[in-house]
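# Analysis of the macromolecular model
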Amino acid sequence: QVQLVESGGGLVQAGGSLRLSCAASGSIFSGSIFSINSMGWYRQPPGKQRELVAIIFSSGNTNYVDSVKGRFTISRDNAKNTVVLQMNSLKPEDTAVYYCNVDIWRLGRANGDYWGQGTQVTVSS
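Residues numbered from 1 in each chain as written. Predicted model: local features only at pLDDT ≥ 70, side-chain atom pairs only at ≥ 80, totals over all residues. Heavy atoms only, no water.

## Section: the state of the cysteines
Taken as a whole and assessed by the stated rule, the structure comprises one disulfide. Cysteine 22 shares a disulfide with cysteine 100; S-S distance 2.1 Å. Judged by the sign of its S-S torsion, about -80°, the bond between cysteine 22 and cysteine 100 is left-handed. Here cysteine 100 lies in strand S9 (residues 96-106) and cysteine 22 lies in strand S3 (residues 18-25), a separation of 78 residues in the sequence. Across the pair, exposure class does not vary: cysteine 22 and cysteine 100 are buried alike. (Disulfide = S-S within 2.5 Å. Helix = DSSP H or I, 4+ residues; strand = E, 2+ residues; numbered from the N terminus. Buried < 20%, exposed > 50% of the residue type's maximum accessible area, 1.4 Å probe, protein only.)

So this is what it looks like as structure tokens:
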């Protein structure tokens, strides 16, 4: 029903920048019954649990995990159903697989969420 395509991961030196993009598509977006409530980025470092990095709601409100505040910026284009995570001043501890997540609503009620395939971000010291 919903496909998420991520791009932008890679290898970068500490202090560098990367830009992750995620585009959501699917037949459910052709009408007005379904909408995207939140779009977010999660990450899973090696051997650790997945954690929320940043999230942006349809209202435009955003939340960030403390460790990325001031360095990462999340934005979305509602017309294109895309979300971007701009990552600056990257640190080795930002190394992880980053996953895009979208929360779908149907007629104003939660209808489930979807995950991207993940993109590797590696920050070398």
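Having seen the structure, we can now continue with the description.
## Some remarks on the side chain of aspartate 103
Inspection of the secondary structure puts aspartate 103 in strand S9. A distance of 3.2 Å separates a polar atom in the side chain of aspartate 103 from a polar atom in the side chain of tryptophan 105. When sequence neighbours within four positions are dropped, the list of residues in contact with aspartate 103 reads Ser35, Ile36, Asn37, Ser38, Gly112 and Asp113. (Polar contact = N/O pair within 3.5 Å; in protein donor to acceptor, adjacent residues only side chain to side chain. Contact = heavy atoms within 4.5 Å.)

## Overview of the pattern of salt bridges
Applying the stated criterion across every chain, the model contains four salt bridges. For aspartate 94, the salt bridge identified is with arginine 43, shortest N-O distance 2.9 Å. Residue aspartate 94 is found in the loop between strand S8 (82-87) and S9, and its partner arginine 43 is found in strand S4 (residues 34-44); the two are separated by 51 residues along the sequence. In this structure arginine 43 comes out as buried when scored by relative accessible area, which is 4%. In this structure, the salt-bridge partner of lysine 69 is aspartate 66, at a minimum N-O distance of 2.9 Å. Classification of aspartate 66 by relative accessible area gives exposed; the value is 60%. Linked by salt bridges that have partners in common, Arg43, Glu51, Arg71 and Asp94 make up one network. (Salt bridge = Lys/Arg side-chain N within 4 Å of Asp/Glu carboxyl O.)

## Description of the nonpolar core
The nonpolar side chains of a soluble globular protein tend to be buried, and buried together. With 31 residues, the main nonpolar core has Trp41, Leu85, Met87, Tyr98, Val102 and Ile104 as its most contacted residues. Among the secondary structure elements, those contributing two or more residues to this core are S3, S4, strand S5 (51-57), strand S7 (72-77), S8, S9 and strand S11 (119-124). Take this core: its biggest share by element is five residues, from S9. Beyond its immediate stretch of four places on either side in the chain, isoleucine 104 contacts Val2, Ile28, Phe29, Phe34, Ser35, Ile36, Arg109, Ala110, Asn111, Gly112 and Tyr114. (Core = buried A, V, L, I, M, F, W, Y, C linked by side-chain atoms within 4.5 Å.)

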